[in-house]
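# Architecture and fold: a report
If you want the building blocks of each chain, they are given just below.
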Amino acid sequence: MITRTVLALAILAIILLLPSYHVFLQVNGNSGWGMEEFRYRAEIRVSTSGLNYSVEGLLVPLHIDSSLIDFSKTSPSGDDIVVASINGRVLPYYVEYWNVSEKKGLIWVRLPEYNGSTRLYLYYGLMEGYNTSIPAESPWKDYFLAMLFNEQEIFYKENKPYIRGDAPGRHVARIIGPGYKIVPSPTGQAIYLDGKNAWIMLSNITFANWSSITIEALLHLYREQKVYGVHRDLTYGNYLMPPYASIYMLYGKNKTNPNITLYFNTWKPGFGKREYKVNLTPYKGKWIYLVLIYDNVTREYNVYVNGKRIYRKHIPSAEKTVLDIYPREWGPYGSRYRVLGIGASNLGFERTRVAYDFIRILKNNVLSIEWIRAEYNAIANTSLRLIGVEENKETMIFASFSIPKTLVFGITLVIIVSIVYMVYKRLEARRK
């Protein structure tokens, strides 16, 4: 019994001799919560398998379900959700989808630095007296265009459906025709165009005089088409007459089993059109993360599918690309350099059966192969786990206090003297 007491006192003495005199306890006060506006928070572990290096500014989809938070404590639209780092810094985020009854949500967050694993806080349950409008930097702030195709993004003007982008340019896409619907996708929801009665047009858009263009699209390539023997999709520019510079995907004449080719056409005055073609047929029937990058400074053209580069070419300086064509110089044909067509040519013909989860376009910004590979992994292989339990501000209240050094020294001295005395008495008893 004496031995155990001596051991316990010795351990306590060692602890008190450590060079830290601060104690952290749960008592009355609220200085450890971070965001005072919210009643609840959940600490989430974000993990992306296959990502084993660090990358900056990655866009990561967070699939939220009832295993992570209690949806009944959030607003129906998810406008009381805030994503913050573990240190309390609000991150650039966007709630793309939120359904309380289904207990499902999708939040895009841009992480300042990410190596495949991190912890975040989700704050929710806005307290009375606070504004629901939490200022946050958009994750798409660097983008020229960012379209998310889901039910939440659709709005109507004069009974016509549109989709509003969230990039600073605030571009609006018009859905033409009734043959569309919202379908499931890898990141939540996508828009399905039936290849017969619907396509999407983005007007007042031009790539002229850009130093580079990057187009990212998460889309589904269907095995069969509906009507036309030849179908064009994701079309920009003029592929019929000079200047021939253009971008588009072409579905072949056999509508039941079409080949799929991505075209990047250039025009050399006096010589005509040159076609740079990439075969996408192996990806038919699948969702793909497609990235097209053309740098007009280095004249490098690259195409990536699902994080892998599948095509690379150097474009001769004598050839004009879509970045070199000014619409106003080409009369009626110049109008094709002001429209991006999705699910059809930019005139609405040759409609294509396809589904788009998102389209993002960067201006004067070239993504690295490391970023592209990481983004694909983030889209395809990210999982979330709740750390601990949901925390309630009203029960998780913090404060800290300090123990004076003189008190620590006095307590330690008393314990040491007591230990020495106990050891001495035990030795005396053994001698007797």
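Here, the structure is the one placed above.
Being a predicted model, the structure only gives us computed values, none of them experimental. (Residues numbered from 1 in each chain as written. Predicted model: local features only at pLDDT ≥ 70, side-chain atom pairs only at ≥ 80, totals over all residues. Heavy atoms only, no water.)

### Details of unusual backbone geometry
Pro243 follows Pro242 through a cis peptide bond whose omega is -5°. Positive phi, close to 70°, is recorded for Asn209, a residue that is not glycine. Position of Asn209 relative to the elements: it lies in the loop between β14 (199-202) and β15 (212-221). Backbone geometry at Leu234 places phi at a positive 50°, although glycine is not the residue there. Relative to the elements of secondary structure, Leu234 occurs in strand β16 (residues 231-237). With relative accessibility at 4%, the residue Leu234 sits in the buried group. (Helix = DSSP H or I, 4+ residues; strand = E, 2+ residues; numbered from the N terminus. Buried < 20%, exposed > 50% of the residue type's maximum accessible area, 1.4 Å probe, protein only.)

### Digging into the layout of surface pockets
The space that makes up the second largest pocket amounts to roughly 210 Å³. As for the second largest pocket, its lining consists of His63, Ile64, Asp65, Tyr97, Glu102, Lys104, Gly105, Leu106, Ser185, Thr187, Gly188 and Gln189. Looking at the lining of the second largest pocket, the elements with two or more residues in it are β3 (58-65), β6 (104-111) and β13 (188-194). Tallied by class, residues from the lining of the second largest pocket come to 3 nonpolar, 6 polar and 3 charged. (1 Å grid on protein atoms, 1.4 Å probe; cavity = no way out; pocket = protein on both sides within 12 Å on 5 of 7 lines; lining within 4 Å. Points joined across faces, edges and corners; volume = space filled by probe spheres on them. Nonpolar A, V, L, I, M, F, W, Y, C, P; charged D, E, K, R; others polar.)

### What to know about the pairing of strand β9 (residues 154-157)
Side chains on a regular strand alternate between the two faces of the sheet. Pairing between β9 and strand β10 (residues 160-164): 4 bridges, direction antiparallel. Residue Phe155 lies in a different strand from β10, and its bridge partner there is Tyr162. In sequence, β9 turns back onto β10 through a hairpin of 2 residues, with Glu158 there showing a positive phi of about 55°. (Pairing = 2+ DSSP bridges.)

### Details of the nonpolar core
Core analysis: the biggest nonpolar cluster contains 57 residues, and Leu58, Val60, Ile64, Ile69, Ile107 and Trp371 have the highest contact counts within it. No other element matches the 6 residues that strand β7 (residues 117-126) contributes to this core. Apart from the residues lying within four places of it in its own chain, the contact partners of Trp371 are Val55, Glu56, Gly57, Leu58, Leu59, Tyr143, Glu216, Tyr289 and Arg360. Of all hydrophobic cores here, the second largest spans 56 residues; its members include Ile154, Leu219, Tyr283 and Ile288. (Core = buried A, V, L, I, M, F, W, Y, C linked by side-chain atoms within 4.5 Å. Contact = heavy atoms within 4.5 Å.)

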